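# Structural features, examined
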Amino acid sequence: MARSRTEGDKSVEQPPSGKVAKWFSAAFNTVVIPLVWSQIQPTEHSWEWELTEAQWQWSREQGMKIIAGPLLRPNRRCLPGWLDPVSRDFDLLLQRICTFVEATVQRLQGRVHVWHVAAGMNVEPAVRMSEEERLRLTVAAIERVRRLDPRTPVIVAGRIVTGCSRPSAPPA
(Lines give C-alpha, C1' and ligand atoms only; values in the text may rest on other atoms or scores of the structure.)
Protein backbone atom coordinates (compact mmCIF):
# COMPACT_ATOMS: atom_id res chain seq x y z
CA MET A 1 0.00 0.00 0.00
CA ALA A 2 1.24 3.46 -0.67
CA ARG A 3 0.69 6.02 2.10
CA SER A 4 1.52 5.86 5.75
CA ARG A 5 0.03 7.64 8.69
CA THR A 6 1.32 7.41 12.22
CA GLU A 7 -0.82 5.95 14.97
CA GLY A 8 1.01 6.12 18.28
CA ASP A 9 4.41 4.64 17.57
CA LYS A 10 3.20 2.59 14.61
CA SER A 11 3.09 3.40 10.92
CA VAL A 12 -0.24 2.37 9.37
CA GLU A 13 -0.44 1.80 5.63
CA GLN A 14 -3.52 3.37 4.02
CA PRO A 15 -4.75 2.59 0.51
CA PRO A 16 -3.62 5.26 -1.95
CA SER A 17 -6.07 7.86 -3.22
CA GLY A 18 -6.31 10.51 -5.94
CA LYS A 19 -3.41 10.83 -8.38
CA VAL A 20 -1.28 8.38 -6.40
CA ALA A 21 -3.98 5.70 -6.74
CA LYS A 22 -4.18 6.23 -10.51
CA TRP A 23 -0.40 6.10 -10.86
CA PHE A 24 -0.15 3.03 -8.63
CA SER A 25 -2.86 1.16 -10.55
CA ALA A 26 -1.22 1.97 -13.88
CA ALA A 27 2.25 0.92 -12.72
CA PHE A 28 1.54 -2.27 -10.75
CA ASN A 29 -0.64 -5.36 -10.97
CA THR A 30 0.16 -6.86 -7.56
CA VAL A 31 0.00 -5.46 -4.05
CA VAL A 32 1.28 -6.72 -0.71
CA ILE A 33 -1.18 -6.26 2.13
CA PRO A 34 0.87 -6.27 5.35
CA LEU A 35 -0.62 -8.39 8.11
CA VAL A 36 0.88 -6.76 11.18
CA TRP A 37 -0.20 -8.83 14.17
CA SER A 38 0.21 -5.95 16.64
CA GLN A 39 -2.25 -3.85 14.60
CA ILE A 40 -4.77 -6.60 13.87
CA GLN A 41 -4.86 -7.97 17.43
CA PRO A 42 -3.85 -5.07 19.72
CA THR A 43 -5.09 -6.92 22.82
CA GLU A 44 -5.38 -10.63 23.42
CA HIS A 45 -9.16 -10.61 22.98
CA SER A 46 -9.74 -7.84 20.42
CA TRP A 47 -9.40 -7.94 16.66
CA GLU A 48 -9.24 -4.91 14.37
CA TRP A 49 -9.72 -5.87 10.73
CA GLU A 50 -10.81 -2.47 9.35
CA LEU A 51 -7.46 -1.47 7.85
CA THR A 52 -6.84 -4.91 6.33
CA GLU A 53 -10.34 -4.93 4.85
CA ALA A 54 -9.89 -1.41 3.43
CA GLN A 55 -6.59 -2.43 1.82
CA TRP A 56 -8.15 -5.60 0.42
CA GLN A 57 -11.20 -3.72 -0.93
CA TRP A 58 -9.07 -1.08 -2.65
CA SER A 59 -6.79 -3.74 -4.17
CA ARG A 60 -9.76 -5.73 -5.43
CA GLU A 61 -11.37 -2.62 -6.96
CA GLN A 62 -8.11 -1.93 -8.82
CA GLY A 63 -7.96 -5.50 -10.16
CA MET A 64 -4.73 -6.21 -8.29
CA LYS A 65 -3.32 -9.60 -7.40
CA ILE A 66 -2.95 -9.77 -3.62
CA ILE A 67 -0.08 -11.12 -1.55
CA ALA A 68 -1.08 -11.16 2.13
CA GLY A 69 1.53 -11.14 4.83
CA PRO A 70 3.85 -11.91 6.30
CA LEU A 71 1.69 -13.59 8.91
CA LEU A 72 4.70 -14.23 11.11
CA ARG A 73 7.49 -11.68 11.56
CA PRO A 74 9.26 -11.90 14.93
CA ASN A 75 10.17 -8.27 15.52
CA ARG A 76 8.98 -5.73 18.12
CA ARG A 77 6.91 -3.72 15.62
CA CYS A 78 4.90 -6.74 14.47
CA LEU A 79 4.48 -8.73 17.67
CA PRO A 80 1.68 -7.47 19.95
CA GLY A 81 2.77 -6.00 23.29
CA TRP A 82 0.43 -8.29 25.23
CA LEU A 83 2.44 -11.27 23.94
CA ASP A 84 5.54 -10.39 26.00
CA PRO A 85 4.71 -12.43 29.14
CA VAL A 86 3.62 -15.35 26.94
CA SER A 87 6.90 -15.35 25.02
CA ARG A 88 8.79 -17.02 27.84
CA ASP A 89 6.66 -20.17 27.37
CA PHE A 90 7.35 -21.54 23.87
CA ASP A 91 4.30 -23.82 23.75
CA LEU A 92 1.98 -20.97 24.71
CA LEU A 93 3.69 -18.68 22.18
CA LEU A 94 3.19 -21.33 19.49
CA GLN A 95 -0.48 -21.61 20.43
CA ARG A 96 -1.02 -17.82 20.24
CA ILE A 97 0.75 -17.59 16.87
CA CYS A 98 -1.32 -20.44 15.47
CA THR A 99 -4.51 -18.75 16.71
CA PHE A 100 -3.55 -15.54 14.88
CA VAL A 101 -2.61 -17.40 11.69
CA GLU A 102 -5.84 -19.42 11.70
CA ALA A 103 -8.06 -16.39 12.36
CA THR A 104 -6.37 -14.40 9.59
CA VAL A 105 -6.48 -17.19 7.01
CA GLN A 106 -10.11 -17.96 7.81
CA ARG A 107 -11.00 -14.30 7.38
CA LEU A 108 -9.16 -13.79 4.06
CA GLN A 109 -9.42 -17.30 2.58
CA GLY A 110 -10.31 -17.18 -1.10
CA ARG A 111 -9.54 -13.45 -1.28
CA VAL A 112 -5.75 -13.53 -1.64
CA HIS A 113 -3.55 -14.94 -4.39
CA VAL A 114 -0.45 -15.74 -2.29
CA TRP A 115 0.09 -16.20 1.45
CA HIS A 116 3.37 -14.77 2.69
CA VAL A 117 3.64 -16.92 5.79
CA ALA A 118 6.89 -15.85 7.44
CA ALA A 119 9.70 -13.34 7.08
CA GLY A 120 12.96 -12.91 8.93
CA MET A 121 12.71 -16.12 10.93
CA ASN A 122 16.38 -16.83 10.21
CA VAL A 123 17.55 -13.78 12.16
CA GLU A 124 17.53 -13.15 15.89
CA PRO A 125 13.88 -12.41 16.76
CA ALA A 126 12.53 -9.95 19.35
CA VAL A 127 11.44 -12.97 21.38
CA ARG A 128 14.36 -15.12 22.49
CA MET A 129 14.10 -18.48 20.68
CA SER A 130 16.42 -21.18 19.50
CA GLU A 131 16.86 -21.83 15.81
CA GLU A 132 14.84 -25.04 16.23
CA GLU A 133 11.96 -23.11 17.85
CA ARG A 134 11.94 -20.54 15.04
CA LEU A 135 11.78 -23.41 12.55
CA ARG A 136 8.95 -25.06 14.50
CA LEU A 137 6.96 -21.79 14.47
CA THR A 138 7.47 -21.40 10.73
CA VAL A 139 6.45 -24.98 9.99
CA ALA A 140 3.39 -24.72 12.26
CA ALA A 141 2.28 -21.53 10.51
CA ILE A 142 2.75 -23.08 7.05
CA GLU A 143 0.82 -26.19 8.13
CA ARG A 144 -2.10 -24.05 9.40
CA VAL A 145 -2.26 -22.07 6.17
CA ARG A 146 -2.05 -25.20 3.99
CA ARG A 147 -4.75 -26.96 6.04
CA LEU A 148 -7.17 -24.02 5.85
CA ASP A 149 -6.38 -22.83 2.30
CA PRO A 150 -4.68 -25.68 0.42
CA ARG A 151 -5.02 -24.14 -3.06
CA THR A 152 -3.35 -20.77 -2.46
CA PRO A 153 0.44 -20.65 -2.91
CA VAL A 154 2.60 -20.05 0.17
CA ILE A 155 5.93 -18.22 0.37
CA VAL A 156 8.48 -17.76 3.16
CA ALA A 157 11.20 -15.10 3.06
CA GLY A 158 14.47 -15.01 4.94
CA ARG A 159 17.02 -12.31 5.40
CA ILE A 160 20.01 -12.65 3.15
CA VAL A 161 23.36 -12.07 4.83
CA THR A 162 25.66 -10.30 2.39
CA GLY A 163 29.42 -10.32 2.33
CA CYS A 164 29.42 -6.82 3.81
CA SER A 165 27.75 -7.96 7.00
CA ARG A 166 29.88 -11.03 7.71
CA PRO A 167 32.50 -10.72 10.40
CA SER A 168 35.98 -10.33 8.98
CA ALA A 169 38.43 -13.17 9.29
CA PRO A 170 41.00 -12.88 12.06
CA PRO A 171 44.43 -11.75 10.90
CA ALA A 172 46.74 -14.58 9.82
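Structure shown above.
Reference entry: report on the structure contained in this document. (Residues numbered from 1 in each chain as written. Predicted model: local features only at pLDDT ≥ 70, side-chain atom pairs only at ≥ 80, totals over all residues. Heavy atoms only, no water.)

## Some details on the nonpolar core
Our working definition: The nonpolar core is taken to be a set of buried Ala, Val, Leu, Ile, Met, Phe, Trp, Tyr and Cys residues, with the residues joined through side-chain atoms within 4.5 Å. Classification of residues uses two cut-offs on accessible area relative to the type maximum, computed with a 1.4 Å probe and protein chains only: under 20% is buried, over 50% is exposed, and between them is partly exposed. Where helices and strands are cited, they refer to DSSP runs of H or I of at least four residues and of E of at least two residues respectively, numbered from the N terminus. Two residues qualify as a contact provided that any one of their heavy atoms is within 4.5 Å of a heavy atom in the partner residue.
Ranked by internal contacts, the top residues of the largest apolar core, which has 39 residues, are Leu 35, Leu 71, Val 101, Trp 115 and Leu 137. When contributions to this core are tallied by element, the ones reaching two or more residues are α1 (18-27), β3 (30-33), α2 (37-40), α3 (50-61), β4 (65-68), α4 (90-108), β5 (114-119) and α5 (131-148). Of all the elements, α4 adds the most residues to this core, at nine residues. If near-sequence neighbours (up to four positions away) are discounted, Leu 137 is found in contact with Leu 72, Phe 90, Leu 93, Leu 94, Ile 97, Met 121 and Met 129.

## Quick look at the sheet that holds β3
Basically, it comes down to this: Pairing between strands is defined by DSSP: at least two bridges between the two strands are required. Simply put, an axis is a line fit to the C-alpha atoms, just over the touching stretch for a helix, and the angle between two N-to-C directions goes from 0 to 180 degrees.
Pairing within the open sheet is parallel, and its four strands lie in the order β3-β4-β5-β6. Each end of this open sheet is capped by a strand with a single partner; those strands are β3 and β6 (154-157). Strand-to-strand twist in this sheet, taken as the mean axis angle between neighbours without regard to direction, amounts to 25°. Two strands pair when backbone bridges link them, and β3 and β4 are joined in this way by four bridges, in the parallel orientation. Each bridged residue has a counterpart across the sheet, and for Val 31 the counterpart in β4 is Ile 66. Sheet contacts for α3: β3 and β4; angle to β3, the most-contacted strand, approximately 175°.

## Focus on the packing of aromatic side chains
One pair of aromatic rings is described through two measures. These are the centre distance and the angle between the planes. Here is the rule: Two aromatic rings from Phe, Tyr or Trp, using only the six-membered ring of Trp, form a pair when their centres are within 6.5 Å; if the ring planes differ by under 30 degrees the pair is stacked, by over 60 it is edge-to-face, and anything between is tilted.
Applying the stated criterion across every chain, the model contains seven aromatic pairs. Arranged with centres 5.0 Å apart and planes meeting at 50°, the rings of Phe 24 and Phe 28 form a pair that is tilted. The buried category is assigned to Phe 24, whose relative accessible area is 10%. For Phe 28, a relative accessible area of 40% translates into the label partly exposed. Summarising the aromatic geometry, the rings of Trp 37 and Phe 100 are spaced 5.0 Å apart at their centres and angled 20° between planes, so their arrangement reads as stacked. Note that Trp 37 is positioned in helix α2 and Phe 100 in helix α4, a separation of 63 residues in sequence. On the basis of relative accessible area, Trp 37 is assigned to the buried category, the value being 3%. For Phe 100, a relative accessible area of 0% corresponds to the buried category. An aromatic cluster of at least three residues, connected via ring pairs, comprises Trp 37, Trp 47, Trp 49, Trp 82 and Phe 100.

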